[in-house]
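Single-letter residue listing:
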Amino acid sequence: MSGPLGAIQVTVKDVSATGFSYTASSGKGATTGESVKLVFEDHIHYNKFELYGTLVRIVEIDESRVQFGCALTKPDSKLEEYIALRQRAQARHIQQQLIERSKETYLKDKKSW
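Procedures and definitions
Residues numbered from 1 in each chain as written. Predicted model: local features only at pLDDT ≥ 70, side-chain atom pairs only at ≥ 80, totals over all residues. Heavy atoms only, no water. Helix = DSSP H or I, 4+ residues; strand = E, 2+ residues; numbered from the N terminus. Contact = heavy atoms within 4.5 Å. Phe/Tyr/Trp six-rings, centres within 6.5 Å; stacked < 30°, edge-to-face > 60°. Buried < 20%, exposed > 50% of the residue type's maximum accessible area, 1.4 Å probe, protein only.

Now for the environment of Val66. Looking at the secondary structure, you find Val66 in strand β7 (residues 65-72). Remark: the alpha-carbon pair of Val66 and Ala24, spanning 42 residues in sequence, is separated by 5.4 Å. What Val66 contacts, discounting residues up to four positions off in sequence, is Tyr22, Thr23, Ala24, Ser26, Gly27, Ile58, Val59, Glu60 and Ile61.

Quick look at the structure:
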């Protein structure tokens, strides 16, 4: 992550087709309207993105963490494909969990007959 304060390590919280959010240990000196660049790597799906945005929200979560919200300033079609891929993977995971729970409930109910 780089911005007016230089490069810092952050935790990415959300990425969408219109923006992204992250947390950092400090927000000292950051103001809304500033330009930022987030270098984001997903080591599971082997994707790397350089996202450019404008700070639109700065919220102190607690004494040691600040959350930042950014609006994308450069749309990225590769990012939109990546988001769709992650959403499909998450949907498959949830579906699999529901199937497993249904099986467990069925077997549990069957034993009680």
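For the structure shown, the criterion picks out two aromatic pairs. Residues Phe20 and Tyr22 carry aromatic rings whose centres are separated by 6.4 Å and whose planes lie at 25 degrees to one another, so their mutual orientation is stacked. Taking the relative accessible area as the measure of exposure, Tyr22 reaches 3% and is therefore buried. Relative to Phe68, the ring of Tyr22 has its centre 4.9 Å away and its plane inclined at 20 degrees; by these criteria the two rings are stacked. With Tyr22 in strand β4 (residues 19-24) and Phe68 in strand β7, the pair connects residues that are 46 residues apart, well separated along the chain. Per residue, the accessibility class of Tyr22 equals that of Phe68, and both read buried. Members of the aromatic cluster, joined through ring pairs, are Phe20, Tyr22 and Phe68.

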